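Read off the chains here:
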Amino acid sequence: MDFPSLSEPVTAAMIGALATVAGALVQLRISWRREMKERERGQPITKKTRRGPVIVVFALLVAAAVGGFALSQYFVSLREGDRDALRADLQAKLSEINATALRLERARTNEREQIETGTRRAEAQRLGEEGAPASVVIGPCPQIVPGARLECTEQGAVRVAVCARVPASATVREVQLYVRAEDSKQPWQEARVQAGQDAGQARFAEKFIERPDGDGKQVCQGFANWSGEKSRVARILVKYAP
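The following paragraphs examine the structure supplied in this document. (Residues numbered from 1 in each chain as written. Predicted model: local features only at pLDDT ≥ 70, side-chain atom pairs only at ≥ 80, totals over all residues. Heavy atoms only, no water.)

### A short note on the state of the cysteines
Counted according to the given criterion, the structure contains 1 disulfide. Between the sulfur atoms of Cys-163 and its disulfide partner Cys-220 the distance amounts to 2.0 Å. The S-S bond linking Cys-163 to Cys-220 shows a torsion near 115°; that makes this disulfide right-handed. On the criterion of sequence distance, the pair formed by Cys-163 in strand β2 (residues 158–167) and Cys-220 in strand β6 (residues 216–225) is long-range, its members being 57 residues apart. Taking relative accessible area as the criterion, Cys-163 reaches 24% and is therefore assigned partly exposed. (Disulfide = S-S within 2.5 Å. Helix = DSSP H or I, 4+ residues; strand = E, 2+ residues; numbered from the N terminus. Buried < 20%, exposed > 50% of the residue type's maximum accessible area, 1.4 Å probe, protein only.)

Listed below in structure tokens is the structure:
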């Protein structure tokens, strides 16, 4: 156990008390021996002689009081030292607990951010695999002379751009193309066509184009319809990687 160093007043009080006790004991022994010798010689004991031990006892009481005070101050200093050590230990423990709580909070925050990022990435991946659809209804080739049905050609075809919106950072993997009559119940998978090929008086452009659109972008495929009989539905499905 480490004892704290004594303050100067306490040290001086303890030294003074020890010196007083030592001196009083010496005086008491001398007085007691003198009294014994006087009794052996048969001399009468005077008031002065009787007062000697009383003074010595009083000195002992004073020394004991001083020593007790010094000892109490020493114990007080011990308690204060223990209290300071305990306070410092508690403060260190609290700092450690706060640091641990902060680390746990940061870990939970990072874990939550990682989960949210993973969820967003998985959702973006799913959307990219499903594809971004877009479709346009195109009317039949217009008649040049009212009341007369003339043959439509590709040069006079109705031309539109079919555009699907995707994230700005997306990488287009594939653009699937579909054409069917407006009133058709044919499944889309059976109505798929290839870019640049004749799809029954209709045709998609050879290549798609990309253009900015706010915080995203549009993927567009040109389409031409020169059928004079019925309206067509042109549909694209853009597959992309986020």
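So that's the structure; there's more coming.
### Overview of the packing of aromatic side chains
This structure, assessed with the given rule, holds 2 aromatic pairs. Taken together, a centroid distance of 6.0 Å and an interplanar angle of 70° make the contact between Tyr-178 and Trp-188 edge-to-face. Here Tyr-178 is found in strand β3 (residues 171–181), whereas its partner Trp-188 is found in the loop between β3 and β4 (192–193), with 10 residues between them in sequence. Overall, the relative accessible area of 0% leaves Tyr-178 in the buried class. For Trp-188, a relative accessible area of 22% gives the class partly exposed. When the centroid spacing of 4.8 Å and the interplanar angle of 55° are considered together, the rings of Phe-204 and Phe-223 count as tilted. Highlighted residues: Phe-204 in strand β5 (residues 202–213) and Phe-223 in strand β6, separated in sequence by 19 residues. Exposure remark for Phe-204: the relative accessible area of 2% places this residue in the buried category. Directly above the aromatic system of Tyr-178 lies the positively charged group of Arg-235, at a separation of 5.5 Å from the ring centroid. (Phe/Tyr/Trp six-rings, centres within 6.5 Å; stacked < 30°, edge-to-face > 60°. Lys NZ or Arg CZ within 6 Å of the ring centre and 35° of its normal.)

### Quick look at the side chain of Arg-180
By the element assignment, Arg-180 lies in strand β3. Of the side chains with opposite charge, Asp-183 comes closest to the buried, unpaired Arg-180, at an N-O distance of 8.3 Å. A distance of 2.2 Å separates a polar side-chain atom of Arg-180 from the backbone oxygen of Gln-186. With sequence-adjacent residues up to four places away left out, Arg-180 is seen in contact with Lys-185, Gln-186, Pro-187, Trp-188, Ala-191, Arg-232 and Val-233. (Lys, Arg positive; Asp, Glu negative; His and termini not counted. Salt bridge = Lys/Arg side-chain N within 4 Å of Asp/Glu carboxyl O. Polar contact = N/O pair within 3.5 Å; in protein donor to acceptor, adjacent residues only side chain to side chain. Contact = heavy atoms within 4.5 Å.)

### Points about the sheet that holds strand β1 (residues 132–138)
Taken together, 4 strands build an open sheet; the order of strands is β1-β7-β3-β4 and the sheet is antiparallel. Each edge of the sheet is formed by a strand with only one pairing partner; in this case those strands are β1 and β4. (Pairing = 2+ DSSP bridges.)

### Examining the nonpolar core
In this structure, Val-166, Val-175, Phe-204, Phe-223, Ile-236 and Val-238 are the most contacted members of the largest nonpolar core, which totals 20 residues. Mapped by element, the contributors of at least two residues to this core are β1, β2, β3, β5, β6 and β7 (232–241). Filtering out sequence-adjacent residues up to four positions away, Val-175 remains in contact with Phe-208, Val-219, Gln-221, Ile-236, Leu-237 and Val-238. Judged by nonpolar contacts, the second largest core, of 5 residues, contains Cys-152, Ala-157, Ala-224 and Trp-226. (Core = buried A, V, L, I, M, F, W, Y, C linked by side-chain atoms within 4.5 Å.)

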